[in-house]
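Breakdown of the fold
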Amino acid sequence: MPIHHRLRKLLLCLTLLAGALGGTPMRPEEIEDLMHTMNEQKVVMTVEDEGDHYELPKLPKSDP
């Protein structure tokens, strides 16, 4: 798991901890929604680096 995902989760947990220690009320529905959002799968699209060998296709020339 990349480091930025771990840091984001840590920040979220610390925020929830601060709210709990500070006495901030949170409805069970809000907690359930938050947990559901954290566990959703995310779709990531990656493009492989093909180095200098990749050329963009050329567009056909149009004659007026």
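Criteria and thresholds
Residues numbered from 1 in each chain as written. Predicted model: local features only at pLDDT ≥ 70, side-chain atom pairs only at ≥ 80, totals over all residues. Heavy atoms only, no water. Helix = DSSP H or I, 4+ residues; strand = E, 2+ residues; numbered from the N terminus. Buried < 20%, exposed > 50% of the residue type's maximum accessible area, 1.4 Å probe, protein only. Areas by Shrake-Rupley, 256 points an atom, 1.4 Å probe, with all protein chains shown as cover. Expected span 1.5 Å × (residues − 1). Salt bridge = Lys/Arg side-chain N within 4 Å of Asp/Glu carboxyl O. Patch = residues over 30% accessible without salt bridge, like charges linked within 9 Å, V, L, I, M, F, W, Y side chains within 5 Å.

Along the backbone of the chain there are two helices and zero strands. In the chain, which comprises 64 residues, the share counted as buried stands at 2%. Surface summary for the chain: the accessible area is close to 7,000 Å², and the carbon and sulfur share equals 60%.

On to helix H1 (residues 3-22). In this model H1 runs 28 Å from its N-terminal to its C-terminal C-alpha over 20 residues, within 8% of the 28 Å that 1.5 Å per residue would give. Phi for Gly23, located one or two positions after H1, is positive at around 85°.

Now for the pattern of salt bridges. Between side chains of opposite charge, a pair can form as their charged atoms come close. This structure, assessed with the given rule, holds two salt bridges. Residue Arg27 is joined to Glu29 by a salt bridge in which the shortest nitrogen-to-oxygen separation is 3.6 Å. Judged by its relative accessible area of 47%, Glu29 is partly exposed. Two residues, Glu30 and Arg27, come together in a salt bridge whose shortest N-O distance is 3.9 Å. We classify Glu30 as partly exposed; its relative accessible area is 34%. Taken together, the shared-partner salt bridges connect Arg27, Glu29 and Glu30 into one network.

With that out of the way, let us pick up a nonpolar patch on the surface. There is a patch of nonpolar side chains on the surface, built from Ile3, Leu7, Leu10, Leu14, Leu17 and Leu21 and spanning about 640 Å² of accessible area. Relative to the helices and strands, Leu14 is located in helix H1. The partly exposed category is assigned to Leu14, whose relative accessible area is 47%.

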